[in-house]
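# Structural overview for review
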Amino acid sequence: MSVFILSNRKIVRHQGEKLDSFSNDEYSIPNFRIAKCDFENYKEPTAQAKKKKSYTNRNILDYKLFSEPEKQGYQEVLDVLLSEKGIKKPTLTANNLGGSQRMFYELYKEMSSSKERSDVLIFIHGYAYDFDDELKAMIDLKKIFIDNPESPVEHILFVSWPASSSIVPLTYFDDKASSINSGTSLLRLFYFYTQFLKDIFSNRDLAPCNQRIHLMAHSMGNRVLQSMLYSLKKENILRVIDQVLLLNSDVTYKVFDESEDSFNKLPLLANRISIYLNRKDTILGISQFTKNILTPRLGKNGPSDIEKLKDIVSIIDCTFIENDLKNSLKFEIGNHWGYLSSSQVQKDIFQNLYGVDRNLITHRIKDNENIFTIIS
């Protein structure tokens, strides 16, 4: 089990600390850094500890920043893997690897184990998150997707981007700019991963792990994904993602149109795309009428036209779900966080991640060829 952080937040050294940390500041840097969360020594904090001002950064969840690699590419990862198999004389160890080299090495080793399912979930959060909020979200995601035996996920790559820490509507514009900048980091990760596949599996002594990688974007996290897709050339796309789940997406409902030149590329990248929407989503309603010039939101209204993509793209209506896991005023009125608040949505997501045929996923009504409604 591994939880990694990919972040384009500023790196800082907090007063009195000896280790570098990710900053809570609300602006991004051009490059991303990778860290690994330490859950081996994690202890659930008490309610009293959570209320203290010191409940920040590594007091929430410890993590270790990977060093930057000395060389680009993944030849050194290949050398380490071959030496561990006894095929090549060792010149390096895993401790010599840095950045994405170390992350891909560890994921390949763990995903190549004898376990039947050891999938990776790439998660992109929405707006109004500082880094401390992200650390808390990682703990929640681990409980939902790794600790739950109904889920095939064993590893999480959390895409950390510097969204505003305020939910005041005017800060939303800053988040738009940050999400666009952060899409570049996601694009680099995609290119690094495809390069890793080419460098490693060009050697016949190493076999693919045959596990799956999924991508989940919530709310304005879809803007990060959209920014990546804008820059991604169709001729460079490899289908390396199994399931893409778009949750309460805060992007225009026309995002799959050819003229947008963004989400229409997803079918080239993934085996299946699922749009989870809620027609009572108050947050997206506010977004539509105060910040997006009356443009309907994908996560509230659904896509304008996906006729050509209906074999791959599904729409899952969550309007009638019950918030049985989290039922505070925020969740009851907002209707924006179904993946956190509803066991019905979570079970639907788990079946999606397992690759169950969309017509066989339980507790759904089929409204149309590719449109479904979650029911009790």
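Residue positions are counted from 1 within each chain, in the order its sequence is given. In keeping with the predicted nature of the model, local features appear solely for residues at pLDDT of at least 70, side-chain atom pairs appear and are counted solely at 80 or more, and the whole-chain, interface and lining totals rest on all residues. To obtain the side-chain values, all non-hydrogen atoms of the structure were used and water was disregarded.

## Quick word on empty space enclosed by the protein
- Points on a 1 Å grid, built from protein atoms alone, make a cavity when a 1.4 Å probe fits but cannot get out and make a pocket when they are open with protein on both sides within 12 Å along at least 5 of 7 lines; residues with an atom within 4 Å of a point are the lining residues. Grid points are joined across faces, edges and corners, and a volume is the space filled by probe spheres set on the points. In total, this model carries 1 cavity of 30 Å³ or more according to the counting rule given.
- A volume near 50 Å³ is recorded for the largest cavity.
- Considering the residues around the largest cavity, the lining is formed by L247, N248, Y276, N278, C318, I321, N335, G338, Y339 and V345.
- Classification used: nonpolar for Ala, Val, Leu, Ile, Met, Phe, Trp, Tyr, Cys and Pro, charged for Asp, Glu, Lys and Arg, polar for all others including Gly. When the residues that make up the lining of the largest cavity are grouped by side-chain class, the tally is 6 nonpolar, 4 polar and no charged.

## Some details on the pairing of strand β13 (residues 371-374)
- Alignment of strand β11 (residues 313-317) against β13, held across 3 bridges, turns out to be parallel. Note on β13: the bridge partner recorded for I315 is I371.
- When DSSP locates at least two bridges between a pair of strands, those strands are taken to pair. Where helices and strands are cited, they refer to DSSP runs of H or I of at least four residues and of E of at least two residues respectively, numbered from the N terminus. For strand β12 (residues 364-366) and β13, the ladder comprises 3 bridges, and the chain directions are antiparallel. Considered in β13, the bridge of I365 is made with T373.
- Hairpin connection of β12 to β13: 4 residues between the antiparallel strands.

## Some details on helix α3 (residues 99-111)
- With 13 residues, α3 should reach 18 Å at 1.5 Å per residue; the first-to-last C-alpha distance of 18 Å fits that figure.
- Burial classes follow relative accessibility: with a 1.4 Å probe on protein chains only, a residue under 20% of its type's maximum area counts as buried, one over 50% as exposed, and anything between as partly exposed. Within α3, 11 of the 13 residues are buried, which leaves the element mostly enclosed by the surrounding structure.
- Looking at α3, one finds that the buried residues are G99, S100, Q101, R102, M103, F104, Y105, E106, L107, Y108 and M111. To estimate how far a helix should extend, the number of its residues minus one is multiplied by 1.5 Å.

## Let's talk about the environment of L121
- Counting through the fold element by element, L121 comes out in strand β6 (residues 119-124).
- You can call L121 buried: its relative accessible area is 0%.
- When the C-alpha positions of L121 and I241 are compared, they lie 9.8 Å apart, and in sequence the two are 120 residues distant.
- The contacts of L121, once residues within four sequence positions are left out, are F145, V153, H155, I156, L157, H214 and M216. The criterion used for residue contact is that any of the two residues' heavy atoms lie within 4.5 Å.

## Observations concerning unusual backbone geometry
- Unusually for a residue other than glycine, S219 sits at a positive phi of about 55 degrees.
- Note on placement: S219 falls in the loop between β8 (213-218) and α6 (221-231).
- Overall, S219 belongs to the buried group, its relative accessible area being 1%.
- The phi torsion at D261 lies on the positive side, around 55 degrees, for a residue other than glycine.

## Remarks on the pattern of salt bridges
- The salt bridge definition used is simple: a Lys or Arg side-chain nitrogen within 4 Å of an Asp or Glu carboxyl oxygen. According to the stated counting rule, one finds 21 salt bridges in the structure shown.
- A salt bridge links R297 to D250; the shortest N-O distance between them is 3.1 Å. One end of the pair, R297, is in the loop between α8 (282-290) and α9 (298-301); the other, D250, is in the loop between β9 (241-247) and α7 (266-269), and 47 residues separate them in sequence. For the pair R297 and D250, a shared accessibility class is recorded, and that class is buried.
- Here D348 ties to R364 by a salt bridge, and the two come within 2.8 Å at their closest N and O atoms. Here R364 lies in strand β12 and D348 lies in helix α12 (residues 343-353), a separation of 16 residues in the sequence.

## Considering the packing of helix α2 (residues 75-84) against α3
- α3 packs onto α2 with a crossing angle of 35 degrees between their chain directions and a minimal axis gap of 10 Å. The interaxial crossing formed by α2 with α3 has right-handed handedness. In this structure, α2 contributes E76, V77, V80, L81 and E84 to the contact, and α3 contributes Q101, Y105, Y108 and K109.
- Here the residues of the contact of α2 with α3 sort into 5 nonpolar, 1 polar and 3 charged. Between the N-to-C directions of two axes lies an angle of 0 to 180 degrees, each axis being a line fitted to C-alpha atoms and, for a helix, fitted only over the stretch in contact. Left-handed is the label given to a crossing in which the near helix is rotated counterclockwise from the far helix by less than a right angle, and right-handed is the label when the rotation is clockwise.

## Some points on the layout of surface pockets
- Of the pockets and cavities examined, the second largest pocket occupies roughly 550 Å³.
- Along the walls of the second largest pocket sit 29 residues, with Y193, L197, I213, V240 and I241 positioned nearest its centre.
- Within the residue set of the lining of the second largest pocket, elements represented by two or more residues are α3, β6, α5 (172-201), β8 and β9.
- Here the lining of the second largest pocket gets 7 residues from one element, more than from any other, and that element is α5.
- A per-class count over the lining of the second largest pocket returns 23 nonpolar, 3 polar and 3 charged.

## Quick word on the confidence of the model for the protein
- Taken over all residues, the pLDDT of the protein has a mean of 90, while the share at 70 or more is 93%.
- Along the chain, pLDDT gives the predictor's confidence residue by residue, from 0 to 100. Throughout residues 167-174 the model reports pLDDT below 50, and contacts reaching past four residues in sequence, or to other chains, amount to 11 contacts.

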